[in-house]
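Architecture and fold: a report
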Amino acid sequence: SQQGEEDPQALSIQEGENATMNCSYKTSINNLQWYRQNSGRGLVHLILIRSNEREKHSGRLRVTLDTSKKSSSLLITASRAADTASYFCARGNAGNMLTFGGGTRLMVKP
Amino acid sequence: DARVTQTPRDKVTEMGQEVTMRCQPILGHNTVFWYRQTMMQGLELLAYFRNRAPLDDSGMPKDRFSAEMPDATLATLKIQPSEPRDSAVYFCASARTGGDTEAFFGQGTRLTVV
């Protein structure tokens, strides 16, 4: 069973718009990671934010972390059709164990 | 190009048969994860190893599932006997130990038990 929730479960936007996905968790973390999965394939790591960080950027990705609210968000700016995929957050604990949420399915329409 | 290799990519088997899935982690990675993905349950952590020792396999049904690392280059996940409810995609991932590190996933084994 997952230790948190992602919302929304599904998101459909037009190319050029921003996409925001949220992740909540219940137990303490060492880091929070975001992964992307194209249909039927393995997950690919996007970005990692440590528990003592509040915001991180990588290209068109922006991740925030609020440990007081036990939540994180992933923002994809200026979305492209190629961003269509499922996005997962993963909680990393002190032992480097990773547990994943249910994911958000993002559809970017051209 | 370092990557995690899983075999087989697809497996169809009859209920009651033994299934063995294999994973070759990235050289130098000493943490290995096994996940199961289904539409209903999402990504479930079945087991994870560090330096070939199991650290947590609480997510794995013990009566029929077993996971091992015979050596640093091979991880196996075995189901015996298999059941239709085991149908899923099984992913292996590996990571370096120490600090905050990302996991690298294999392409998965799609298991269908009929």
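Our structure's up above, just so we're on the same page.
Residues numbered from 1 in each chain as written. Chains lettered and ligands numbered in written order. Predicted model: local features only at pLDDT ≥ 70, side-chain atom pairs only at ≥ 80, totals over all residues. Heavy atoms only, no water.

Quick word on the pattern of salt bridges
All names here are of chain B. Inspection of the entire model under this criterion finds 8 salt bridges over all chains. Taking the shortest distance from any N to any O, the salt bridge between E83 and R64 comes out at 3.5 Å. Placement of the pair is E83 in the loop between β8 (74-79) and β9 (88-95) and R64 in the loop between β6 (53-56) and β7 (65-71), with a sequence separation of 19 residues. Residue classification places R64 among the buried residues on the basis of a relative accessible area of 8%. Across the pair E83 and R85 runs a salt bridge whose closest N-O atoms are separated by 2.5 Å. Classification of E83 by relative accessible area gives partly exposed; the value is 23%. The network of salt bridges with shared partners includes R64, E83, R85 and D86. (Salt bridge = Lys/Arg side-chain N within 4 Å of Asp/Glu carboxyl O. Helix = DSSP H or I, 4+ residues; strand = E, 2+ residues; numbered from the N terminus. Buried < 20%, exposed > 50% of the residue type's maximum accessible area, 1.4 Å probe, protein only.)

Quick look at the environment of A:G16
Residues and elements named next belong to chain A. Along the chain, G16 falls in the loop between β2 (10-14) and β3 (19-25). Taking the relative accessible area as the measure of exposure, G16 reaches 46% and is therefore partly exposed. In contact with G16, not counting residues within four places along its chain, are A78 and S79. (Contact = heavy atoms within 4.5 Å.)

Overview of the sheet that holds β7(B)
Whether parallel or antiparallel, the strands of a sheet pair through hydrogen bonds between backbone atoms. Residue and element names in this part refer to chain B. With antiparallel pairing, the 4 strands of this open sheet are ordered in space as β1-β3-β8-β7. Bordering the open sheet on either side are β1 (5-7) and β7, each of which pairs with just one other strand. Averaged over all adjacent pairs, the angle separating strand axes in this sheet is 20 degrees, with direction ignored. Sheet analysis places β7 next to β8, joined by 5 bridges and oriented antiparallel. Note that in β8 the partner of F65 across the bridge is I79. (Pairing = 2+ DSSP bridges. Axes fitted to C-alpha atoms, helices over the stretch in contact; angles between N-to-C directions.)

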